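# Results of the structural survey
In case you want the letters, here they are:
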Amino acid sequence: MVEHAGGNGRPRKIKGDASRILRQYLCRDSLISLRTLKIKLAKKNVDVSSSTIQRHLINHGYKKDLPLATPMLTNLQKENCVKWAQERLNDNWKRTVFSDKTAFCIFRNTVKR
């Protein structure tokens, strides 16, 4: 039986260190453009096109997504907030604890992996 020798096709231009460099730039600035990434890689002696970088990022699970827009409060919701606050003007606020299940993003990272 003949075994496959492997190594078919063109060698990848982005491998190892270049991939790690891309990841670091994306961690620092998730809104960085492909053109800027290309320039930064060129300074590290990695000469690749923007489309090669894009293909590499897609193959590694990066997606170009913008955060969902949050709808503004309606007039009814605003009125309810004011009503709630007026009802609690004389509450003992030192004994009041607020909690919710809201998730906060400490770093603005819109790149999904």
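Residues numbered from 1 in each chain as written. Predicted model: local features only at pLDDT ≥ 70, side-chain atom pairs only at ≥ 80, totals over all residues. Heavy atoms only, no water.

## Topic: helix α1 (residues 17–28)
Operational definition: Put simply, DSSP H or I for four residues or longer makes a helix, DSSP E for two residues or longer makes a strand, and each gets a number counted from the N terminus. Multiply 1.5 Å by the residue count of a helix minus one, and that product is the helix's expected span. Relative accessibility thresholds used throughout: buried, under 20% of the residue-type maximum; exposed, over 50%; partly exposed, between the two (1.4 Å probe, protein chains only). An arc is given here, and it is the one of the directions from the helix axis to the C-beta atoms. For this analysis, residues touch if any pair of their heavy atoms sits within 4.5 Å.
With 12 residues, α1 extends 17 Å from end C-alpha to end C-alpha; this agrees with the ideal 16 Å at 1.5 Å per step. Of all the positions in α1, only Ala18, Ser19, Ile21, Leu22, Tyr25 and Leu26 are classed as buried. For α1, the angular spread of buried residues about the axis comes to 160°, placing them on one side. Every exposed residue of α1 that faces more than 90 degrees away from the buried side is listed here: Asp17, Cys27 and Arg28. Where the residues of α1 are buried, they touch α2 (34–43) and α3 (50–59).

## Some points on the side chain of His56
Examined against the element boundaries, His56 turns out to sit in helix α3. Here His56 falls in the buried class, since its relative accessible area comes to 9%. Excluding residues within four positions of it along the chain, His56 makes contact with Ile14, Ser19 and Leu22.

## A look at the confidence of the model for the protein chain
Do not read the fine detail of predicted coordinates wherever pLDDT is low. Keep this limit in mind: pLDDT is defined as a per-residue confidence score from the predictor, taking values between 0 and 100.
Overall, the prediction assigns the protein chain a mean pLDDT of 83, with 87% of residues at 70 or greater. Of all helices and strands in the protein chain, the one with the weakest mean pLDDT is strand β2 (residues 111–112) (56), whereas helix α4 (residues 75–87) scores best (93).

## Description of the nonpolar core
This is how the line gets drawn: Throughout this description, the term nonpolar core refers to a set of buried Ala, Val, Leu, Ile, Met, Phe, Trp, Tyr and Cys residues connected via side-chain atoms within 4.5 Å.
Ranked by size, the top nonpolar core spans 14 residues in total, and within it Leu22, Leu37, Leu41, Ile53 and Leu57 carry the most contacts. For this core, the secondary-structure elements that each account for two or more residues are α1, α2 and α3. With near-sequence residues (within four places) excluded, Ile53 lies in contact with Ile14, Leu22, Leu34, Leu37, Lys38, Leu41 and Val48.

## Observations concerning the packing of α1 against α3
Quick reminder of the rule: Angular values range over 0 to 180 degrees, each being the angle between N-to-C directions of two axes fitted as lines to C-alpha atoms, with helices fitted over their stretch in contact. Roughly parallel means an angle under 35 degrees; roughly antiparallel means over 145; roughly perpendicular covers 65 to 115; every other angle is labelled oblique. Three categories are distinguished: nonpolar for Ala, Val, Leu, Ile, Met, Phe, Trp, Tyr, Cys and Pro, charged for Asp, Glu, Lys and Arg, and polar for the others, with Gly belonging to the last.
The geometry of α1 relative to α3 is characterised by a closest axis approach of 12 Å and an angle of 80° between their N-to-C directions. Taken together, the axes of α1 and α3 are roughly perpendicular relative to one another. In this structure, α1 contributes Ser19, Leu22 and Leu26 to the contact, and α3 contributes Ile53, His56 and Leu57. Here the residues of the contact of α1 with α3 are counted per class, giving 4 nonpolar, 2 polar and no charged.

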